[in-house]
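# Inside the fold
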Number of protein chains: 2
Amino acid sequence: MSFLEQSFSVKFEYKIHFTKSLFHTDNPTFTDFFKSNPTDVLRKIFFVLDQGVADAHPDLVSAIRTYFDQQQEVQLIPEILIIQGGEASKNDTGLFDRLVEAVDQYGIDRHSYIAAIGGGAVLDLVGYAAAVSHRGIKHIRIPTTVLSQNDSGIGVKNGINYKGKKNFLGTFAPPAAVFNDDQFLLTLTDRDWRSGISEAVKVALIKDPRFFYWIEDNAAKLVSRDLETMDYLIVRCAELHLNHIASADPFEMGSARPLDFGHWSAHKLEQLSNFSVLHGEAVAMGIALDSTYSFLSGLLTEDKLLRILNVLLHLSFDISNPFIQINDDESPILRGLTEFQEHLGGKLTITLLTDLGTGKEVHHMDHQLLIAASNYVLNFTSATAGLDH
Amino acid sequence: MSFLEQSFSVKFEYKIHFTKSLFHTDNPTFTDFFKSNPTDVLRKIFFVLDQGVADAHPDLVSAIRTYFDQQQEVQLIPEILIIQGGEASKNDTGLFDRLVEAVDQYGIDRHSYIAAIGGGAVLDLVGYAAAVSHRGIKHIRIPTTVLSQNDSGIGVKNGINYKGKKNFLGTFAPPAAVFNDDQFLLTLTDRDWRSGISEAVKVALIKDPRFFYWIEDNAAKLVSRDLETMDYLIVRCAELHLNHIASADPFEMGSARPLDFGHWSAHKLEQLSNFSVLHGEAVAMGIALDSTYSFLSGLLTEDKLLRILNVLLHLSFDISNPFIQINDDESPILRGLTEFQEHLGGKLTITLLTDLGTGKEVHHMDHQLLIAASNYVLNFTSATAGLDH
Ligand SMILES: NC(=O)c1ccc[n+]([C@@H]2O[C@H](COP(=O)([O-])OP(=O)(O)OC[C@H]3O[C@@H](n4cnc5c(N)ncnc54)[C@H](O)[C@@H]3O)[C@@H](O)[C@H]2O)c1
Ligand SMILES: NC(=O)c1ccc[n+]([C@@H]2O[C@H](COP(=O)([O-])OP(=O)(O)OC[C@H]3O[C@@H](n4cnc5c(N)ncnc54)[C@H](O)[C@@H]3O)[C@@H](O)[C@H]2O)c1
Ligand SMILES: [Zn+2]
Ligand SMILES: [Zn+2]
């Protein structure tokens, strides 16, 4: 019979600001954001802090209060809520309820803001609560880890876990703005500092050969925590992620996920290790495995594979975790392939490499080649790890 | 300091199909939808039914099973979940949990569907659960009331209530498709049949004079439940709503809400009456009040106002509810104005009329004029109601 057709586009825009000491009274970045988005209504802002950040930066809360005292653009809600950091924040639905409660209690409307300061986990939780409160309160992200500054915190996704299922509840909801302050990175553990670097290797390998060469050249500086080098890595990695999101399929309506290069095994590895392996650490192993598979299936030359494996070792990643071992069809890590396929909605789409900086999608992975790839990676590590660093 | 700029558009498209007896085995509409969106993966569909609909259509569940048995496009999940209809479904967060549970239990992924059959309340709940599960499962709406077929079920909003706050949690998430089956309307109560007509009066008054004249001419047929007349009203009303959503601000990022003409008092009236006054009934009163205010403030001529009030009476709407009485600044209904202002984020924007079919935005309502308008409406009703029907 008859039908009506609806069709429209919605435009989303936001900026990622790079700064130092965001809440120093002489840093105008934050106030300038509000000045450049003027309005004739009262705007409120509600801050949520990652406990790990608050502990490592004991003056942060008072700095925020002082900063907002000296401006008229936006009204700071007196309560600054501090919540536990890390994955635990995404597992505790009571925290989601607490945030929604605060929106109600403080009368935060669709012209007001919730700002989250923390790692990717806290940003994911607060972003989700903001996205569904009043059908979307404006959300400001202030990521404090390498991973969240160069990847998770600058994109369009949020989410919480549900009965242990990662990101089971969530939305696509671009932030109002992101502020990357490199001073937060100074207090990261070495593991958290290093972990996020693998996402830069990942995006370089599928998008930008010159960025990959730059990482090769700067691996030692990155490992020794040179902040200026890290600043460049974060800006370039963020830029590549942003460009990809904007040019492809921002809300992931299709089945391709090039930015998930190396991630099918990484997700499973995190889970198998009961999250004792960090996301970025698992991604490093996933990159090693899928790059090796690319070589073994004839897509990538061995000298290029060796450059990839070597840069991971130079960055001090351990790619020899026993969970990556694939012996037969029953090896636990292989279930990651099935789960990734289910996540995509039934059709498997995996990104492999044909060159440093060039990805290629395939729709099948051969178990025999995967067994060989996992043996190659595990042997490579033990054979050469001693030589290289 | 420096910044990166992100900017992209996301396109949304869906169709509203008009049909009769959607699940008759010889009706291809539903299967055709899946055929016209082919895929090489297994798609599942999970049905959720409004108890009121299931009770009034006792053969519906078996009709659905038979319908899906004879096609290969999509796999019907054997459980068909029946939940209570009406506002109660949006107040019970246990139902939201139950839906999310089902998504998990049945492995419904982002290429699968949740279909909801019911009134606007059930559609709002199921649409919300679908929107946040896996960051958005495809959602099919099968609205069964006049209001949901011509307004709430065809748009982009969903939501549930939180601690009695209407639509406190929700998202903007366009459906995958909408199927309007007029046979469902046959079992509505007279009140539910009539109630949704006021949204047509509303959208005609701000968008389309000829549609308003048509409603004037067909009021008697609409009241006597002539289905063909209602079919036209629903298509045209849906079309005007769709056009507005597509041309203006689909995700309501700004402050204007022309489709909320008459709604500031309607929302409050529903609440003051403890929801014994239906949404559409309250909207009829809100239209009467704001049209009269338009006349009293010199925007609209009195003969046009009289045509509006008369059409509402001809449609058998009661516009004399005592809650609409405004005596002074403390009259409860006036709080609706403040709440509407808060909902918009601080700046009041009210649509008034300058003509039949032409709205105009104002940012202030005068309390003295509102007192006069409410008296005019209440007196008009009692003076002429006996004459006109
Ligand atoms: N939304 C997305 O697109 C996306 C993408 C990738 C990953 N993620 C999510 O991001 C999360 C991981 O985020 P993460 O790697 O940033 O780690 P995290 O959020 O788990 O934080 C790790 C730890 O570091 C602490 N911490 C954070 N900043 C600190 C600082 N400056 N100084 C000292 N301690 C600090 C935290 O309290 C926490 O204990 C996962 O939940 C993952 O699912 C989301
Ligand atoms: N999402 C939006 O854009 C939007 C817009 C306007 C209103 N709404 C929401 O819609 C809801 C009101 O929806 P509604 O007016 O459709 O009423 P409703 O959903 O409250 O249903 C009213 C009653 O009719 C019963 N019913 C439904 N279809 C029937 C049928 N065919 N035969 C017999 N009984 C039937 C239901 O069981 C219920 O008891 C409110 O919650 C309102 O907030 C949403
Ligand atoms: Zn990642
Ligand atoms: Zn309405």
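If you check an unreviewed UniProt entry, chain A appears there as 3-dehydroquinate synthase from Sphingobacterium kitahiroshimense. Under the Cofactor (unreviewed entry) heading, UniProt states for chain A: "NAD(+)".

## Describing the site of ligand 2
Residue and element names in this part refer to chain B. Around ligand 2 there are 23 residues in total, and Asp50, Glu87, Thr144, Thr145 and Lys166 lie nearest to it. One of the side-chain N or O atoms of Thr145 is found 2.5 Å from an oxygen atom in ligand 2. Elements that contribute at least two residues to the shell around ligand 2 include exactly helix H2 (51–56), helix H6 (120–132) and helix H7 (146–150). Grouping the constituent residues of the shell around ligand 2 by class yields 6 nonpolar, 10 polar and 7 charged.

## A word on the coordination of the zinc ion (ligand 3)
Residue and element names in this part refer to chain A. Within the protein, the zinc ion (ligand 3) binds to Glu199 (OE), His263 (NE2) and His279 (NE2); these donor distances fall in the range 2.0 to 2.2 Å. Mapped onto the polypeptide sequence, the residues donating to the zinc ion (ligand 3) form the spacing pattern E-x63-H-x15-H. Pair noted here: Glu199 is in helix H9 (residues 197–207) and His279 is in helix H13 (residues 279–296), with a separation of 80 residues, a long-range link. On the basis of relative accessible area, Glu199 is assigned to the buried category, the value being 0%.

## A look at empty space enclosed by the protein
All names here are of chain B. Applying the stated criterion across every chain, the model contains 1 cavity of 30 Å³ or more. Considering only enclosed or pocket space, the largest cavity measures out at about 50 Å³ in volume. Surrounding the largest cavity, Arg257, Asp260, Phe261, Gly262, His263, Trp264, Asp290, Phe340, Thr349, Ile350 and Thr351 form its lining. Elements with a contribution of two residues or more to the lining of the largest cavity: helix H12 (263–272) and strand S9 (350–355). Looking at side-chain class alone, the lining of the largest cavity contains 4 nonpolar, 4 polar and 3 charged residues.

## Some details on the UniProt feature "domain: 3-dehydroquinate synthase C-terminal" (unreviewed entry) in chain A
Under the UniProt annotation, "domain: 3-dehydroquinate synthase C-terminal" (unreviewed entry) lies at residues 196–320 of chain A. Across residues 196–320 of chain A, the secondary structure splits into 70% helix and 0% strand, with the terminal C-alpha atoms separated by 18 Å.

## Here we look at the packing of helix H5 (residues 93–105) of chain B against H6 of chain B
All names here are of chain B. Contact geometry of H5 with H6 gives a least axis separation of 10 Å together with a crossing angle of 45 degrees. Judged by the angle between their axes, H5 and H6 are oblique. Considering how the two elements wind past one another, H5 and H6 form a crossing that is right-handed. Note on element contacts: H6 touches H5 through Leu125, Val126, Tyr128, Ala129 and Val132, opposite Leu95, Phe96 and Leu99. Classifying every residue of the contact of H5 with H6 gives 8 nonpolar, no polar and no charged.

## Looking at the site of ligand 1
Residues and elements named next belong to chain A. By nearness alone, 23 residues border ligand 1, and Asp50, Glu87, Gly120, Thr145 and Lys166 come closest of all. Taking Asp50, its side chain carries an N or O atom lying 2.5 Å from an oxygen atom of ligand 1. Within the side chain of Thr144, an N or O atom sits 2.8 Å from a nitrogen atom of ligand 1. Starting from 870 Å² of accessible surface for ligand 1 in isolation, the protein chains cover 83%. When contributions to the shell around ligand 1 are tallied by element, the ones reaching two or more residues are helix H2 (51–56), helix H6 (120–132) and helix H7 (146–150).

## Topic: the confidence of the model for chain A
Predicted coordinates in areas of low pLDDT are best not read in detail. Residues and elements named next belong to chain A. Here chain A averages 93 in pLDDT, and 97% of its residues register 70 or above. Every residue in residues 385–389 scores below 50 in pLDDT, and together they form 5 contacts with partners more than four places removed in sequence or on other chains. Quick note on the complex model: pTM equals 0.95, ipTM equals 0.93.

## Re the pattern of salt bridges
Residues and elements named next belong to chain A. According to the stated counting rule, one finds 36 salt bridges over all chains in the structure shown. Here Arg307 ties to Glu216 by a salt bridge, and the two come within 2.7 Å at their closest N and O atoms. Here the residue Arg307 occupies a position in helix H14 (residues 302–314), and Glu216 occupies one in helix H10 (residues 209–223), the gap between them amounting to 91 residues. According to the relative accessible area criterion, Arg307 is partly exposed, its value standing at 34%. Across the pair Lys304 and Asp355 runs a salt bridge whose closest N-O atoms are separated by 3.0 Å.

## Structural notes on the domain arrangement of chain A
Residue and element names in this part refer to chain A. Taken domain by domain, chain A consists of domain 1 (15–187) and domain 2 (190–384). Spacing between the C-alpha centres of domain 1 and domain 2 amounts to 29 Å. When the area that domain 1 buries against domain 2 is broken down by residue, the three leading residues are Val146, Asn150 and Phe172, summing to 30%. Here domain 1 and domain 2 share 3 salt bridges between them. For Lys202, the salt bridge identified is with Asp151, shortest N-O distance 3.8 Å. Across the contact surface, domain 1 and domain 2 share 5 residue pairs in polar contact (both at pLDDT 80 or more).

## Section: the relation of the copies chain B and chain A
Relative to chain A, chain B is turned by 180 degrees and slid 0.0 Å along the rotation axis, the superposed coordinates differing by an RMSD of 0.1 Å. Expressed as a symmetry operation, the mapping of one chain copy onto the other fits a two-fold axis. Closest approach to the rotation axis among the C-alpha atoms of chain B is made by Val10 of chain B, whose C-alpha sits 2.7 Å away. Here 100% of the contact residues of chain B are again contact residues in chain A; the copies associate through an equivalent surface.

## Notes on the nonpolar core
With 166 residues, the main nonpolar core has Ile215 and Leu312 of chain A together with Ile215 and Leu312 of chain B as its most contacted residues. In this view, Ile215 of chain B contacts Ala200, Val201, Ala204, Leu222, Leu233, Val311 and Leu315 of chain B; residues no more than four positions away in its chain are not counted. Val100, Leu125, Tyr128 and Ile137 of chain A belong to the second-largest nonpolar core, a separate cluster that totals 56 residues.

## Topic: the coordination of the zinc ion (ligand 4)
Distances from the zinc ion (ligand 4) to its protein donors, namely Glu199 of chain B (OE), His263 of chain B (NE2) and His279 of chain B (NE2), fall within the range 2.0 to 2.2 Å. The sequence pattern describing where the donors of the zinc ion (ligand 4) fall on their chain is E-x63-H-x15-H.

## Quick word on the packing of aromatic side chains
Going through the model one piece at a time under the given rule, you end up with 52 aromatic pairs over all chains. Judged by centre distance (6.0 Å) and plane angle (80 degrees), the rings of Phe33 of chain A and Tyr113 of chain A are edge-to-face. Of this pair, Phe33 of chain A sits in helix H1 (residues 29–35) while Tyr113 of chain A sits in strand S4 (residues 113–118); the two residues are 80 residues apart in sequence, bridging distant segments of the chain. Assigned by exposure class, Phe33 of chain A and Tyr113 of chain A land together as buried. Taking 5.0 Å as the distance between ring centres and 70 degrees as the angle between the ring planes, the aromatic pair formed by Phe33 of chain B and Phe34 of chain B counts as edge-to-face.

## Some words on the sheet that holds strand S5 (residues 138–143) of chain B
If you trace the 12 strands from one edge of the open sheet to the other, you get S3(A)-S2(A)-S4(A)-S5(A)-S8(A)-S1(A)-S1(B)-S8(B)-S5(B)-S4(B)-S2(B)-S3(B), paired in mixed fashion. Among the strands making up the open sheet, the edge pair consists of strand S3 (75–83) of chain A together with strand S3 (75–83) of chain B. Recorded for the sheet is a direction-independent mean angle of 20 degrees between the axes of neighbouring strands. Where strand S5 (residues 138–143) of chain A meets strand S8 (residues 177–181) of chain A, 2 bridges bridge the pair, whose relative direction is parallel.

## Looking at the UniProt feature "domain: 3-dehydroquinate synthase N-terminal" (unreviewed entry) in chain A
When the UniProt feature table is mapped onto this chain, "domain: 3-dehydroquinate synthase N-terminal" (unreviewed entry) is found at residues 81–194 of chain A. As annotated, residues 81–194 of chain A comprises 35% helix and 25% strand, and the C-alpha atoms at either end are separated by 28 Å.

## Looking at the environment of Val146 of chain A
Mapped onto the elements, Val146 of chain A comes out in helix H7. Residues Val146 of chain A and Gln6 of chain A lie 140 residues apart in sequence; the distance between their C-alpha atoms is 41 Å.

Thresholds applied
Residues numbered from 1 in each chain as written. Chains lettered and ligands numbered in written order. Predicted model: local features only at pLDDT ≥ 70, side-chain atom pairs only at ≥ 80, totals over all residues. Heavy atoms only, no water. UniProt positions renumbered as here; feature names shortened; annotations may be inferred. Near = heavy atom within 4 Å. Polar contact = N/O pair within 3.5 Å; in protein donor to acceptor, adjacent residues only side chain to side chain. Helix = DSSP H or I, 4+ residues; strand = E, 2+ residues; numbered from the N terminus. Nonpolar A, V, L, I, M, F, W, Y, C, P; charged D, E, K, R; others polar. Donors = N, O, S within 2.8 Å, 3.2 Å for Na, K, Ca; no water. Buried < 20%, exposed > 50% of the residue type's maximum accessible area, 1.4 Å probe, protein only. 1 Å grid on protein atoms, 1.4 Å probe; cavity = no way out; pocket = protein on both sides within 12 Å on 5 of 7 lines; lining within 4 Å. Points joined across faces, edges and corners; volume = space filled by probe spheres on them. Axes fitted to C-alpha atoms, helices over the stretch in contact; angles between N-to-C directions. Parallel < 35°, antiparallel > 145°, perpendicular 65-115°, else oblique. Left-handed = near helix turned anticlockwise from the far one by under 90°. Contact = heavy atoms within 4.5 Å. Areas by Shrake-Rupley, 256 points an atom, 1.4 Å probe, with all protein chains shown as cover. pLDDT = per-residue confidence, 0-100. Salt bridge = Lys/Arg side-chain N within 4 Å of Asp/Glu carboxyl O. Domains from an automatic or database assignment. Buried area = accessible area lost by both parts, 1.4 Å probe. Least-squares fit on C-alpha atoms with pLDDT ≥ 70 in both. Core = buried A, V, L, I, M, F, W, Y, C linked by side-chain atoms within 4.5 Å. Phe/Tyr/Trp six-rings, centres within 6.5 Å; stacked < 30°, edge-to-face > 60°. Pairing = 2+ DSSP bridges.

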